[in-house]
Amino acid sequence: MTIHMRHIRAANLCSGGARAWFESHNLSWSDFLTKGIPVETVQQLNDGIANRVIEIALKEQRDGQ
């Protein structure tokens, strides 16, 4: 499962804040925008805000969207 920008938007998070979050975790924002990021990578960070985005992505997958 891969997290994409649509999942961040669905969590009502802004792109500027998400970009800063990626930078603070030494993750590539540009790679994320083009390829997404694996859920497993984000889960390892155990971050409350990121966990909201993970739940949205997993729900989308469960619902077959």
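A few words now on unusual backbone geometry. Of note in this structure, asparagine 26 is not a glycine but carries a positive phi near 55°. For asparagine 46, which is not glycine, the phi torsion reads 45° and is therefore positive. Examined against the element boundaries, asparagine 46 turns out to sit in the loop between helix H4 (39-43) and helix H5 (48-62). Classification of asparagine 46 by relative accessible area gives exposed; the value is 64%.

For H5, spanning 15 residues, the distance from its first C-alpha to its last is 21 Å, which sits close to the expected 21 Å at 1.5 Å a residue. Within H5, the full set of buried residues consists of Ala50, Val53, Ile54, Ala57 and Glu60. Each buried residue of H5 lies within a common arc of 125° when the element is viewed along its axis, so the set occupies one face. Summarising the geometry of H5, the exposed residues directed more than 90 degrees from the buried face are Gly48 and Arg62. In this structure, the buried residues of H5 make contact with strand S1 (2-3), helix H1 (5-10), helix H2 (15-24) and H4. Positioned one or two residues after H5, glycine 64 has a phi angle of 75°, which is positive.

Turning next to the environment of glutamine 43. Tracing the backbone shows glutamine 43 in helix H4. Taking the relative accessible area as the measure of exposure, glutamine 43 reaches 41% and is therefore partly exposed. Measuring from C-alpha to C-alpha, the distance between glutamine 43 and glycine 64 comes to 21 Å, with 21 residues separating the pair along the chain.

Going through the model one piece at a time under the given rule, you end up with three salt bridges. The salt bridge involving arginine 6 is made with glutamate 60; its shortest N-O contact spans 2.9 Å. Of the two residues, arginine 6 sits in helix H1 while glutamate 60 sits in helix H5, which places them 54 residues apart along the sequence. Look at arginine 6 and you get partly exposed, because its relative accessible area is 44%. The class of glutamate 60 is buried, set by a relative accessible area of 12%. Arginine 19 serves as the salt-bridge partner of glutamate 23, at 3.4 Å between the closest nitrogen and oxygen. Residue glutamate 23 and its partner arginine 19 are located together in helix H2, separated by four residues, close to a single helical turn. When its relative accessible area of 43% is taken as the criterion, arginine 19 is described as partly exposed.

What counts, and at which threshold
- Residues numbered from 1 in each chain as written.
- Predicted model: local features only at pLDDT ≥ 70, side-chain atom pairs only at ≥ 80, totals over all residues.
- Heavy atoms only, no water.
- Helix = DSSP H or I, 4+ residues; strand = E, 2+ residues; numbered from the N terminus.
- Buried < 20%, exposed > 50% of the residue type's maximum accessible area, 1.4 Å probe, protein only.
- Expected span 1.5 Å × (residues − 1).
- Arc of directions from axis to C-beta.
- Contact = heavy atoms within 4.5 Å.
- Salt bridge = Lys/Arg side-chain N within 4 Å of Asp/Glu carboxyl O.

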